[in-house]
Protein chains: 2
Amino acid sequence: MVSVAQWPALDRTSGDLEGQVYRLMRDRILHGQLPAGQRVPSTRTMALALGVARSTVVNAYDRLKAEGYLQSATGAATRVAAFPAAPLSGQAVSPMPNQPRITEFKTGGLFEPGVPDVSAFPHAAWARCLGARGRSLRVHDLGYGDHGGIRELREALLDHIAATRGVIARPEQVVIVPSTGAAIGLLASVLLQPDHAGDIVWMEDPGYASAQAILRMAGASLVPVPCDAEGIDIAQGAGPSPRLIYVTPSHQYPTGATMSLPRRLALLKFARANGAIVLEDDYDSEFQYASRPIAALQGIDRSEVVAYIGTFSKTLAPGLRVAYAVIPSRLLAATEAAQRLRGAVVPVHIQAALADFMREGRFRAHLRQMNAIYAERMAATVEALRRYCGDGLEVAEGGGGLQLASWFCDIETDDVAVARAINSNGFAVRPISALYLGPARPGLLLGIARMEARAADAAVARIARLLATMPVNA
Amino acid sequence: MVSVAQWPALDRTSGDLEGQVYRLMRDRILHGQLPAGQRVPSTRTMALALGVARSTVVNAYDRLKAEGYLQSATGAATRVAAFPAAPLSGQAVSPMPNQPRITEFKTGGLFEPGVPDVSAFPHAAWARCLGARGRSLRVHDLGYGDHGGIRELREALLDHIAATRGVIARPEQVVIVPSTGAAIGLLASVLLQPDHAGDIVWMEDPGYASAQAILRMAGASLVPVPCDAEGIDIAQGAGPSPRLIYVTPSHQYPTGATMSLPRRLALLKFARANGAIVLEDDYDSEFQYASRPIAALQGIDRSEVVAYIGTFSKTLAPGLRVAYAVIPSRLLAATEAAQRLRGAVVPVHIQAALADFMREGRFRAHLRQMNAIYAERMAATVEALRRYCGDGLEVAEGGGGLQLASWFCDIETDDVAVARAINSNGFAVRPISALYLGPARPGLLLGIARMEARAADAAVARIARLLATMPVNA
């Protein structure tokens, strides 16, 4: 018989006395302190000892019996059940796991790339759309539905990207996902064989580090293809044919270059001839300052070799968690199957509210407003960078997008060390060399989205002072 | 000079005349109808021919120049630019893709498994929570934030599953994802090597077809381990050690069996000894009719070999698109990195509203209500099935969950053919043999969630009449 004196006092503030009795006893059984066959106190004795109602102990014992910790024949005493083995001692588990490789960058400082300004987020209009759909959605909307997204949002989105980006597709080709990462992963899962290690993917170089990491995680062998002021030069791709070619034609990440028309046509021709799919990541093409945005590659592709990706993370807010892909027709069946399994889906309330938000013209209005704000910030940053750092840094045009590339004139500069030194002073600039797969050119990437125009001059002046204190090739 | 007579009439109802002019000319250039070097009509001539304002044509030409389709030296005529090659004719792309293998089942009929009843969804309470958060969320909530989920929801969820499922974890171990599929995929990406074809995963057999397909898509080699009335018998696993063992201990899918305590302890001991992770999919454990739900495996695991998965798809609504995983501590860093890249994230508004909904006790109340409804439906279905089909079908207990397994006494029965015949009469039952990886036992799986208790008798009687018309071994 187990002595009751050994039980600790219960926590009477928690409310769940029964659960406490259950766990106390269960843990002792699992740890071998109550061995198999041992009689346990009667419910009456236990209740008295613990100072709880007898029904509390009865319920806890019932649960322990139901779960197999205790057993009792009718009329006989309750005893600890016999187990195959005590499971809670022994060796630790073997070493793990397959860490995705991605360079960690500092976040949260000035000039951080990739992060939009959400301070002008249209809270009132969004709350109204969301609240209305919270009230109006009904039973038929709340099921599993179409894993590619609700019809209304696919149509509203397609109207928008047809008008602004020249994308040509049917609503069925649109897949709504929570992020660009999910969209890239979806396409990778359709195009790359999991049991076929090293499917080849050609990447713009330098390029988007997360895309590199996602595709590697999907098992791809990445082959860098150099980029210049006209974007990727497909003629410089070497080795076996790729399954996938990842590009950012509107604003090449990180250089900001817009892919020229001859390069676009060469890329499409190459993809068609080699049975490759071009993954066009059009992540912040909506922000264009100097000139009208160039239409998407997808719209001039008549062979359906382009899969197109866009996101609301830059245009509205990252926390909204909505992005999209436009899939070539012949990949649709495979993509639908993969999307259903991968389950990177977007809540129906958010989709419906976003469709309304777009139909009401709220999205277009917000884009117009943000374009004006970002244009001013980009111009101020470009100007300050040229003024204060023009001797040592070659500054990109800044014609669009949310980041600005600049290159060290001294190609021996250790931009990782320089960025680290700058960032220890409250900045979050990126060393561009870290974004290369192939031979790297040193530079700094600055996010302009949250740098108010009137503050840009002083911020860049501080960077210039910091640069001045560093030895050449810092 | 291009003649203007050849241009088709514009669609004057569309509003975007400039876009039409741009696309008309662009497409002719891309198709080689306007060859390189060709002079294009002056903006004045073109405007007259098309019947549009000259500024419309000027803007369209500017866009074509900006995108590289047209070129003009100052003062000279505008001409079609030279391209490397006409890209729009030629060979089609090579055959594609890596189709995930998953058995397609009929959806939308009576007794469809896996689909909850959302007709009692608490619309008013949910709309209030969602509307309130739509109004109250601000700038600092709308950024990228933590890809694992917002703190409030992780805490509210953990409080709930600690109380109801005995799960023991810290909020950092909770990852909020849109679906069970996303959770399984996340863990697969952490535990299986993409470039290491055929990492071994042991699967309960029979088992959840989507889990099989997701893990295959991630490159796993699946090894079936037989299940009986006590759940998976790990001692029957054969061959090399697995990296991952997928189980549904609360209500084994599809048999409904609850894993016995000795089997649970043996499973944990095996996983610890062999460096495997147990993936506990606790998909509908909240619904328990005969007795109190047995606590989760996760809560009795002190070696952190269990990764736990749950979902709101069954308890609230699939359209909500919220599920979660509880990750062992030593996999946290890898999981966070993978989650950031995979980007299967949930909108902040939904997370915040759900946290409030849980804190207010709305979720608990809804579970209580649905438990009563489903218990009645399960009982009615079990009773009717035993009454009408008891001669030919062995019916499971139906002690919990949203589906009911039944087994053909004649083990030669072709359950796929039988299910097809039944389903052509408005049902959507599943043949259980399709859920096996190894040697199969024929049976039928019925979803009880949307079968009203008063209608179950007549529906099952119809199934019985259909069965009677089929030859044995149909």
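Residues numbered from 1 in each chain as written. Chains lettered and ligands numbered in written order. Predicted model: local features only at pLDDT ≥ 70, side-chain atom pairs only at ≥ 80, totals over all residues. Heavy atoms only, no water.

Overview of the relation of the copies chain B and chain A
Then, number 1: In screw terms, the move from chain B to chain A is a rotation of 180° and a rise of 0.0 Å along the axis, fitting with an RMSD of 0.1 Å. Both chain copies can therefore be described as sitting about a two-fold axis. When C-alpha positions in chain B are compared against the rotation axis, the closest is assigned to Gly131(B), at 2.1 Å.
Then, number 2: Comparing contact sets, 100% of the residues at the interface of chain B also lie at the interface in chain A, consistent with an isologous, same-surface contact. (Least-squares fit on C-alpha atoms with pLDDT ≥ 70 in both. Contact = heavy atoms within 4.5 Å.)

Here we look at the sheet that holds strand β8 (residues 277–281) of chain A
Residue and element names in this part refer to chain A.
Then, number 1: A sheet is described by the order of its strands in space; here eight strands give the open sequence β3-β10-β9-β8-β7-β4-β5-β6, paired in mixed fashion. Both edges of this open sheet fall to β3 (174–177) and β6 (231–232), since each of them pairs with a single strand only.
Then, number 2: Bridge count for strand β4 (residues 200–205) against strand β5 (residues 221–228) is six bridges, and the pairing is parallel. Counterpart to Ile200 in the pairing with β5 is Ser221.
Then, number 3: Along the sheet face, helix α6 (residues 180–191) touches β3, β7 (244–247), β8, β9 (306–311) and β10 (323–326) and points at about 160° away from the line of β9. (Pairing = 2+ DSSP bridges. Helix = DSSP H or I, 4+ residues; strand = E, 2+ residues; numbered from the N terminus. Axes fitted to C-alpha atoms, helices over the stretch in contact; angles between N-to-C directions.)

Thoughts on the interface of chain B and chain A
Then, number 1: Each partner contributes residues to the interface: chain B has 112 residues there, and chain A has 112 residues.
Then, number 2: Three residues, Tyr144(B), Arg321(B) and Leu341(B), lead the burial of chain B against chain A; their summed loss comes to 9% of the area buried on that side.
Then, number 3: In this structure, the connection of chain B to chain A is made through two salt bridges.
Then, number 4: With a shortest N-O distance of 3.0 Å, Arg302(B) and Asp27(A) are connected by a salt bridge.
Then, number 5: Across the contact surface, chain B and chain A share 24 residue pairs in polar contact (both at pLDDT 80 or more).
Then, number 6: Looking at side-chain class alone, the side of chain B that touches chain A contains 64 nonpolar, 27 polar and 21 charged residues. (Buried area = accessible area lost by both parts, 1.4 Å probe. Salt bridge = Lys/Arg side-chain N within 4 Å of Asp/Glu carboxyl O. Polar contact = N/O pair within 3.5 Å; in protein donor to acceptor, adjacent residues only side chain to side chain. Nonpolar A, V, L, I, M, F, W, Y, C, P; charged D, E, K, R; others polar.)

With respect to the domain arrangement of chain A
Residue and element names in this part refer to chain A.
Then, number 1: What the domain assignment reports for chain A is domain 1 (4–80), domain 2 (123–362) and domain 3 (365–469).
Then, number 2: Averaged C-alpha coordinates put domain 2 and domain 3 at centres separated by 27 Å.
Then, number 3: Taken together, the contacts link 26 residues of domain 2 with 24 residues of domain 3.
Then, number 4: When the buried surface of domain 2 facing domain 3 is broken down by residue, Pro254, Phe287 and Tyr289 rank first, second and third, together holding 31% of it.
Then, number 5: Linking domain 2 to domain 3 there are zero salt bridges. (Domains from an automatic or database assignment.)

With respect to helix α7 (residues 209–217) of chain A
Then, number 1: A large share of α7(A) lies buried, amounting to eight of its nine residues.
Then, number 2: Among the residues of α7(A), Ala209(A), Ser210(A), Ala211(A), Gln212(A), Ala213(A), Ile214(A), Leu215(A) and Met217(A) are the ones counted as buried.
Then, number 3: Elements that come into contact with the buried residues of α7(A) comprise α6, β4, β5 and β7 of chain A together with α6 (180–191) and α10 (332–342) of chain B.
Then, number 4: Two residues or fewer after α7(A) comes Gly219(A), characterised by a positive phi angle close to 95°. (Buried < 20%, exposed > 50% of the residue type's maximum accessible area, 1.4 Å probe, protein only.)

Remarks on the packing of helix α4 (residues 123–136) of chain A against helix α11 (residues 348–359) of chain A
Residue and element names in this part refer to chain A.
Then, number 1: The contact between α4 and α11 brings their axes to 8 Å, and the two run at 125°. Viewed along their axes, α4 and α11 adopt a mutual orientation that is oblique. For the pair α4 and α11, the crossing hand works out as right-handed. Facing Ala125, Trp126, Cys129, Leu130, Arg133 and Gly134 of α4, the residues of α11 in contact are His349, Ile350, Ala352, Ala353, Leu354, Asp356 and Phe357. (Parallel < 35°, antiparallel > 145°, perpendicular 65-115°, else oblique. Left-handed = near helix turned anticlockwise from the far one by under 90°.)

A few points about the packing of aromatic side chains
Residue and element names in this part refer to chain A.
Then, number 1: In the structure shown here, the tally under the stated rule is 16 aromatic pairs over all chains.
Then, number 2: Centroid distance Tyr253 to Tyr283: 5.8 Å. Interplanar angle 75°. Geometry classified as edge-to-face. A residue pair is termed long-range when its members are at least 10 positions apart, and Tyr253 in the loop between β7 and α8 (261–274) and Tyr283 in the loop between β8 and α9 (297–300) qualify at 30 residues. Accessibility classification places Tyr253 together with Tyr283 in one group, the buried group.
Then, number 3: Pairwise contacts between aromatic rings join Tyr208, Tyr253 and Tyr283 into one cluster.
Then, number 4: Stacked on the ring of Tyr22, the Lys or Arg Arg63 has its end atom at 3.9 Å from the ring centre. (Phe/Tyr/Trp six-rings, centres within 6.5 Å; stacked < 30°, edge-to-face > 60°. Lys NZ or Arg CZ within 6 Å of the ring centre and 35° of its normal.)

Considerations on the pattern of salt bridges
Then, number 1: Tallied over the entire structure, the rule returns 42 salt bridges over all chains.
Then, number 2: Residues Arg165(A) and Asp282(A) are paired through a salt bridge, measuring 2.7 Å at the closest nitrogen-oxygen approach. One end of the pair, Arg165(A), is in helix α5 (residues 151–165); the other, Asp282(A), is in the loop between β8 and α9, with 117 residues separating them in the sequence.
Then, number 3: Across the pair Asp27(B) and Arg26(B) runs a salt bridge whose closest N-O atoms are separated by 3.5 Å.
Then, number 4: Sharing partners across several salt bridges, the network here consists of Arg151(A), Glu155(A), Arg170(A) and Glu172(A).

With respect to the nonpolar core
Then, number 1: Phe312(A), Phe312(B) and Ile422(B) are the most contacted members of the largest nonpolar core, which totals 162 residues.
Then, number 2: Other than its neighbours up to four places away in sequence, Phe312(A) contacts Leu157(A), Ala317(A), Leu320(A), Val322(A), Ala323(A), Tyr324(A), Leu354(A), Met358(A) and Phe363(A).
Then, number 3: Counting residues in hydrophobic clusters, the runner-up holds 70 residues, among them Val175(A), Leu332(A), Val177(B) and Leu331(B). (Core = buried A, V, L, I, M, F, W, Y, C linked by side-chain atoms within 4.5 Å.)

Observations regarding the state of the cysteines
All names here are of chain A.
Then, number 1: Per the counting criterion, the structure on display carries zero disulfides over all chains.
Then, number 2: Counting only cysteine sulfurs, Cys409 is the nearest neighbor of Cys389, a cysteine outside any disulfide, at a range of 11 Å.
Then, number 3: The class for Cys389 is buried, based on a relative accessible area of 6%. (Disulfide = S-S within 2.5 Å.)

Here we look at the side chain of Thr180(B)
All names here are of chain B.
Then, number 1: Relative to the helices and strands, Thr180 resides in helix α6.
Then, number 2: Judged by relative accessible area, which is 11%, Thr180 ranks as buried.
Then, number 3: Sequence-distant contacts of Thr180, that is, excluding residues within four places in its chain, are made with Asp281, Ile309, Gly310, Thr311 and Ala323.

Remarks on the pairing of β8(A)
Residues and elements named next belong to chain A.
Then, number 1: For β8, the buried fraction is high: five of the five residues fall into the buried class.
Then, number 2: Residues Ile277, Leu279 and Asp281 point to one face of β8 and Val278 and Glu280 to the other, with burial holding for every one of them.
Then, number 3: Direction of pairing for β7 relative to β8: parallel, over a ladder of four bridges. Of the residues in β8, the one forming a bridge with Tyr246 is Leu279.
Then, number 4: Crossover handedness for the path β7 to α8 to β8: right-handed.
Then, number 5: Where β8 and β9 come together, four bridges link them in parallel fashion. Residue pairing for β9: Glu280 is matched across the bridge by Tyr308. (Right-handed = clockwise from strand over helix to strand, strands pointing away.)

Quick look at the side chain of Asp117(B)
All names here are of chain B.
Then, number 1: If you trace the backbone, Asp117 turns up in the loop between β2 (79–80) and α4 (123–136).
Then, number 2: Residue Asp117 is classed as buried on the basis of its relative accessible area of 12%.
Then, number 3: Side-chain polar atoms of Asp117 contact the side chain of Ser119, separated by 2.8 Å.
Then, number 4: Side chain to side chain, Asp117 and Arg377 meet in a polar contact 2.8 Å long.

Thoughts on the pairing of strand β5 (residues 221–228) of chain B
Residue and element names in this part refer to chain B.
Then, number 1: Taken together, strand β4 (residues 200–205), helix α7 (residues 209–217) and β5 form a β-α-β motif whose crossover is right-handed.
Then, number 2: Bridge analysis of β5 against strand β6 (residues 231–232) gives two bridges, and the strand direction is antiparallel. Bridge pairing links Asp228 to Gly231 in β6.
Then, number 3: Connecting the antiparallel pair β5 and β6 is a turn made up of two residues.

Examining helix α13 (residues 415–423) of chain A
Every α-helical turn comprises 3.6 residues, leaving residues that sit three or four positions apart pointing alike.
Then, number 1: Residues of α13(A) that are buried: Asp415(A), Val418(A), Ala419(A), Ile422(A) and Asn423(A). The buried residues of α13(A) occupy an angular sector of 125° when projected down its axis, which confines them to one face. (Arc of directions from axis to C-beta.)

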